[in-house]
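If you want the building blocks of each chain, they are given just below.
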Amino acid sequence: TLVQILTFHVVPGRVTAAEVVKMSSAPTLEGQRLQISAKDGVVKVDGATVSKTDINCTNGIVHQIDRVLLPVQENIVEIAATNGSFNTLVAAVKAAGLVETLSGKGPFTVLAPTDEAFAKVDPDTLKMLLLPENKEMLVKILTYHVVPGKALYAEQVVAMKELPTVEGSTIPVKVDGKKVMLGDAEVIGVDVEASNGVVHVIDTVLIPGK
């Protein structure tokens, strides 16, 4: 935990104050991102105020802040379980036996359908998918919502033509102004940080091969 907290304070490379103020976020050695804002001469990093800048060292540069930064401690499954909008998704993950996998180190990018998205699915079909004998089919659908091996943030997703998935198929990415479609699903929430990746919220359950 201490290593995780300390590496959350380290950005790879030498980034000067002049460069920091032009950034809205920065990656850390820990894996999660720091949110940066600059207004009226005050620079904040994840809510902490920068009090001194550009302290040069032989192997980098230091910027002083006024409090300790804490990365998100909850994993993707824990965040979904406590959010309140993903009850059906959490139930499906449990039925598919994927809790341990999605609680693992990752990193993962998860496309999370809301309860409203699952409500669009025929109730009988959904009930059938949650039965133990249909576990393989449920796993196939759920792993189609997971991008393996990397935490892709919104600006990275919109720059791609398609997303690879754990299921094996790819999901086409289409951007129309501010509207982003991943297959048949519209992205309605982005960049929800987790200790093992990032979550984007979608309004439709994706079906591989559809």
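Counting restarts for each chain: residues are numbered from 1 in the order of the written sequence. Given that this is a predicted model, residues contribute local features only at a pLDDT of at least 70 and side-chain atom pairs are listed and counted only at 80 or more, while totals for whole chains, interfaces and linings are drawn from all residues. Hydrogens are left out, water is left out, and the side-chain values use all remaining heavy atoms of the structure.

K.L.:
Account for the packing of helix α4 (residues 87-95) against helix α8 (residues 135-143), with residues named and values stated.
P.N.:
In this analysis an axis means a line fitted to C-alpha atoms, helices contributing only their contacting stretch, and an angle means the value between N-to-C directions, from 0 to 180 degrees. Secondary structure elements follow DSSP: runs of H or I no shorter than four residues count as helices, runs of E no shorter than two count as strands, and numbering proceeds from the N terminus. Contact pair α4 / α8: the axes reach a minimum separation of 9 Å and the direction vectors enclose 125°. Between α4 and α8, the angle falls in the class oblique. As α4 packs across α8, the resulting crossing turns out to be left-handed. Contact residues: Leu-89, Ala-92, Val-93 and Ala-95 in α4; Lys-135, Leu-138 and Leu-142 in α8. Roughly parallel means an angle under 35 degrees; roughly antiparallel means over 145; roughly perpendicular covers 65 to 115; every other angle is labelled oblique. Handedness of a crossing follows from how the near helix is turned relative to the far one, being left-handed for an anticlockwise turn of less than a right angle and right-handed for a clockwise one. Contacts between residues were defined by any pair of non-hydrogen atoms, one from each residue, lying within 4.5 Å.

K.L.:
Hey, could you go over the nonpolar core for me, with residue numbers and the actual values?
P.N.:
Grouped together as the largest cluster of nonpolar side chains are 27 residues, with contacts concentrated most on Leu-89, Val-110 and Leu-142. When residues of this core are traced back to their parent elements, those giving at least two are α3 (76-83), α4, β6 (108-113), α6 (115-119), α7 (123-129), α8 and β12 (197-202). Sequence-distant contacts of Leu-89, that is, excluding residues within four places in its chain, are made with Ala-112, Pro-113, Asp-115, Phe-118 and Leu-142. Formed by 14 residues, the second largest nonpolar core is a distinct cluster that contains Leu-111, Leu-152, Leu-182 and Leu-206. Put simply, a nonpolar core is a bunch of buried Ala, Val, Leu, Ile, Met, Phe, Trp, Tyr and Cys residues held in one set by side-chain atoms that sit within 4.5 Å of each other. Throughout this description, buried means an accessible area under 20% of the type-specific maximum (1.4 Å probe, protein chains only), exposed means over 50%, and partly exposed covers the range between.

K.L.:
A description of a nonpolar patch on the surface should follow, citing residues and the corresponding values.
P.N.:
A cluster of nonpolar side chains, Met-128, Leu-131 and Met-137, forms an exposed patch at the surface whose accessible area comes to about 230 Å². If you trace the backbone, Leu-131 turns up in the loop between α7 and α8. Every patch collects residues that have over 30% relative accessible area and no salt bridge, joining them within 9 Å if they carry like charges and within 5 Å if they are nonpolar side chains (Val, Leu, Ile, Met, Phe, Trp, Tyr). All accessible-area figures derive from a Shrake-Rupley calculation using a 1.4 Å probe, and residue coverage is judged against the displayed protein chains alone. Salt-bridge detection follows one rule: a side-chain nitrogen of Lys or Arg within 4 Å of a carboxyl oxygen of Asp or Glu.

K.L.:
Hey, could you go over the pattern of salt bridges for me, with residue numbers and the actual values?
P.N.:
Here the structure, examined in full by the defined rule, presents four salt bridges. The salt bridge partner of Arg-33 is Asp-191, with a shortest N-O separation of 3.3 Å. Here Arg-33 is found in strand β2 (residues 33-39), whereas its partner Asp-191 is found in strand β11 (residues 185-194), with 158 residues between them in sequence. Because the salt bridges share partners, they merge into one network encompassing Arg-33, Glu-155 and Asp-191.

K.L.:
Let's hear about α4: which residues, and what values?
P.N.:
The periodicity of an α-helix, 3.6 residues per turn, causes residues three or four positions apart to be oriented the same way. For α4, the complete set of buried residues consists of Leu-89, Val-90, Ala-92 and Val-93. Along the axis of α4, the buried positions cluster into a sector of 160°, meaning they face one direction only. Here the buried face of α4 lies against α3, α5 (99-102), β6, α6 and α8. Where α4 terminates, the next one or two residues include Gly-97, which has phi positive at roughly 70°. Think of the arc as the fan of directions from the helix axis to the C-beta atoms.

K.L.:
Account for the sheet that holds β2, with residues named and values stated.
P.N.:
Two strands form a pair only when DSSP identifies at least two bridges running between them. The strand order across the open sheet built from five strands is β1-β2-β3-β4-β5, with neighbouring strands paired in antiparallel fashion. At either end of the open sheet lies a strand with only one pairing partner, and these are β1 (25-27) and β5 (60-65). In this sheet, neighbouring strand axes are inclined to one another by 40° on average, regardless of whether the strands run parallel or antiparallel. In this structure, β1 lies alongside β2, joined through three bridges in antiparallel fashion. From the neighbouring strand, Ser-25 faces β2, where its bridge partner is Gln-35.

K.L.:
Now, about the pairing of strand β9 (residues 170-176): what can you tell me, with residues and values included?
P.N.:
With three bridges connecting them, strand β8 (residues 162-164) and β9 associate as antiparallel partners. Across the sheet, Leu-163 pairs through a bridge with Ile-171, a residue of β9. Linkage of β8 to β9, two consecutive antiparallel strands, is achieved through a turn of five residues, within which Gly-168 is found at a positive phi near 120°. For β9 and strand β10 (residues 179-182), the ladder comprises four bridges, and the chain directions are antiparallel. When the sheet's bridge partners are listed, Val-175 is paired in β10 with Val-180.

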